[in-house]
Amino acid sequence: MNTNSIVITRFAPSPTGNLHIGGARTALFNWLFSKNQKGKFLLRIEDTDAVRSKDQYLDQIISTLKWLKIDWDEEPYIQSKNIETHIEIAKNLLANGNAYRCYCSEDELEKEKELFLKKKIPYTYNRKCRELKGENNNKIFVVRFKSKLEGKTTLKDLVQGDVEIGNNTIEDFVILRKDNKPTYNLSAAVDDYQMKITHVIRGDDHKINAFKQIQIFERMGWKIPEYAHIPLIHSKEGKKLSKRDDASTVEDYKKIGIFPEALKNYLLRLGWSYENKEIFSEEESIKLFNLKNIGKSPSKLDFDRIKSMNEFYIKNINDKVLFDRLIQYSESYKKKIPEKFYATIEKSMSFLKNKSKCLEDIFNNSKYIFSYELTENEIEKIDKSKLNIIKSIYSQVKKGGNIEKEFLKKIFDQIIEAEKINFKDLGQPLRIILTGSEYGPAVYDIANSLGLDELLKRLEIFFVKIDNNIKN
RNA sequence: GGUCCCUUCGUCUAUCGGUUAGGACACGUGGUUUUCAUCCAUGAAAGAGGGGUUCGAUUCCCCUAGGGACCGCCA
C-alpha cells in the first residue's frame, strides 16, 4: 500500500457543548472505518466560532473521547490556528474570479429574507454584488463564493447513493465574514484538503455543505474526498436530537454508569448492522465495520436497549474490574465509598451486580453496606406479629456465632416448620431490618456480606427502635 | 415555501424477486428461584397507501401520504 492510498478520516467537533451522542457515533464510525482500512483517524477542533467556543467544552470532548477509547492519530488539529491559510485561499479565490466582494448589509439581506418568507418564495441571496465592477474600498464587505449557476452536480455519497442537485440551488455562500474571518465551509474544505482527508464521514445535516465544499475543491483543483453522510439520530419524538433532549450527551450516560464498551456497541448497532449480530468486541467491530451496511433512515434512541446492552457487559466483565469501576464511578458521580467497606463490597460483587443494568444500580444495591439507615417508613412495613420470630433468630445466631448459609438455613427451616409460615414471612422483615429496604439481594447473601457483628448490631438497633416506638 | 433524504413488529434491524418475513430490546404468559431480579420456555407484534414491471414484489419503477434534514457573516 503506498502512502497515497491510505485512508484518512476525521472527526471535527466544535467545542460549543459537551460531546453529543450523535457526535460520538460519528466519531466512532470514522474511527472504525479508519481502523478497518488500516488508515488514520484525525481529530479536528472547529473552534472558529469565537463566541460560543469554550475551553471547558474542548476538554470535555477530549476526555470523553478518551473515555470511549476512541483514540486519534497525531495531535488534535486546532482549526483556529489555521485561519491565515483559510484567508489566503479566500484571497486566492477572489483573485481568480471565483469569489467576489459583497457589500450588501446584514440588515438589508435580513429584510429581504423576511419579505420572501412572507410571500412564501424560497430565498437565496440574489447575487446582486456578483458582477459589481471596480473597487469600493471604504465599505464593509464580505467575500462570497461564486457558485455555479447552471447544470447539476451529483454527489456520489457512500451511504446515500447518488444525490443530484441543481447547481442554482446553491447560493453564493459567504467564505469571509466582514471581520475577515473565514466561515465554516471554507475552513472545512481547506482543512480537509490540507489534512489529506480521504473520507468525510459526518451527519446527514452536512449534506448540503458537501455541495459547497466540493465546489471549493474543484476551483482550487484539489482532489475531492469521498463523502458518507450518515442519517441522524432522532429523539423519541422523531426529531433531530438536540442538546435540550434528555440523555443527548455522552455525559448523561456516563453519569448513570454506562460502560464505554456498551455505549460503543449500542451506537455501532444504531444505524449499522451485521447480519443478526448484536454484541461486537472491539476487534470484531473493527474487522466487520463498513460503510455499506449503514442504513439510510434515521434511528431513534432507545434507552432500554442501551441499559440492556450495558447489563450484558456488567455480567460479562470480571468482578475485580467491575469493582474498580464502581469505586471510581462512585467517587466521580455519587459519593466516595469509605475504604473500610471495599473488601466487603468487592467480595459481594457477584450478587450486588445481579439485577443491575448500570453502575448506579450497583451503587444503590451496595448502599446497605456503606450507608445503612433504617427509616421509620421501612419499619412500618414490618409485620410486627413476627417480632418474636426475629428475636428468636437473633438469639440463635448470637449463640451459634455463625452466619454461614447452612447454619442460618437450619434455623430458618426450624422456625418455618414450627410457626407454619413461609420463608417470605421471615425473609422480608429480615431484609428490611438488615438493609433498610424491602428490595435487595438474597437474605443469606446480605447476612454473609455484613458479617456476624454487624448483623447482630443492626438487629439490636432495630429492637431498640421498636421498643421506643412501643413506649411512645 | 424551495431543495434533498427517508418509510419492515412499539424500538434497533435482517432479507442479494420466490421465506410460515428472521433476530435483539421492550412487553404478555408459564416454569425455576425461600422476595425483587436473574435464568429457561413460550406468546403477541411489521412490509404506509395506490398503481405498474414480473409467472411471482417487502425487495425494481412511478404516484400519493406521512416523517425528517437543510435553507446563518453557527459549525
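Residues numbered from 1 in each chain as written. Chains lettered and ligands numbered in written order. Predicted model: local features only at pLDDT ≥ 70, side-chain atom pairs only at ≥ 80, totals over all residues.

Here's the deal with helix 6 (residues 207–220)
One turn of the α-helix equals 3.6 residues, which is why residues spaced by three or four share an orientation.
Link 1 in the chain: The first and last C-alpha atoms of helix 6 sit 20 Å apart over 14 residues, in line with the 20 Å expected at 1.5 Å per residue.
Link 2 in the chain: Considered for burial, the residues of helix 6 that qualify are Ala210, Phe211, Lys212, Gln213, Gln215 and Ile216.
Link 3 in the chain: Buried-residue contacts for helix 6 involve strand 5 (142–145), strand 6 (152–157), strand 7 (161–166), helix 5 (184–194) and strand 10 (226–230).
Link 4 in the chain: Trailing helix 6 by a residue or two, Gly221 shows a phi angle of about 75°, which is positive. (Helix = DSSP H or I, 4+ residues; strand = E, 2+ residues; numbered from the N terminus. Expected span 1.5 Å × (residues − 1). Buried ≥ 20, exposed ≤ 12 C-beta atoms within 10 Å, placed from the backbone. Contact = placed C-beta atoms within 7 Å.)

Points about the nonpolar core
Link 1 in the chain: By size, the foremost hydrophobic cluster in this structure holds 60 residues, and its most contacted members are Ala24, Ala27, Leu28, Ile258, Leu263, Tyr266 and Leu267.
Link 2 in the chain: Counting residues per element, this core draws most heavily on helix 1 (residues 21–36), which supplies eight residues.
Link 3 in the chain: Among residues more than four places away in sequence, those in contact with Tyr266 are Arg305, Ile306 and Met309. (Core = buried A, V, L, I, M, F, W, Y, C linked by C-beta atoms within 7 Å.)

Examining the protein's contact with RNA strand B
Link 1 in the chain: RNA strand B sits among 57 residues. The nearest are Glu46, Tyr184, Ser297, Lys355 and Phe423.
Link 2 in the chain: Looking at the surface near RNA strand B residue by residue, the class counts come to 16 nonpolar, 18 polar and 23 charged. (Near = placed C-beta within 6 Å. Nonpolar A, V, L, I, M, F, W, Y, C, P; charged D, E, K, R; others polar.)

Some points on the packing of helix 11 (residues 319–333) against helix 12 (residues 342–352)
Link 1 in the chain: Put simply, helix 11 and helix 12 touch, their axes get as near as 9 Å, and they point 120° apart. Comparing their axes, helix 12 and helix 11 come out oblique. At the point where helix 11 passes helix 12, the crossing takes the right-handed sense. Taking contact as the criterion, the partners of Asp319, Leu322 and Phe323 in helix 11 are, on helix 12, Ile345, Glu346, Met349 and Ser350. (Axes fitted to C-alpha atoms, helices over the stretch in contact; angles between N-to-C directions. Parallel < 35°, antiparallel > 145°, perpendicular 65-115°, else oblique. Left-handed = near helix turned anticlockwise from the far one by under 90°.)

Topic: unusual backbone geometry
Link 1 in the chain: Residues other than glycine seldom take positive phi values, yet Asn180 does so here, at roughly 70°.
Link 2 in the chain: Examined against the element boundaries, Asn180 turns out to sit in the loop between strand 8 (174–176) and helix 5.
Link 3 in the chain: Phi at Lys420 is positive, roughly 55°, even though this residue is not glycine.
Link 4 in the chain: As for its placement among the helices and strands, Lys420 is situated in the loop between helix 16 (405–419) and helix 17 (423–435).
Link 5 in the chain: Taking the C-beta count within 10 Å as the criterion, Lys420 has 8 such neighbours and is therefore assigned exposed.

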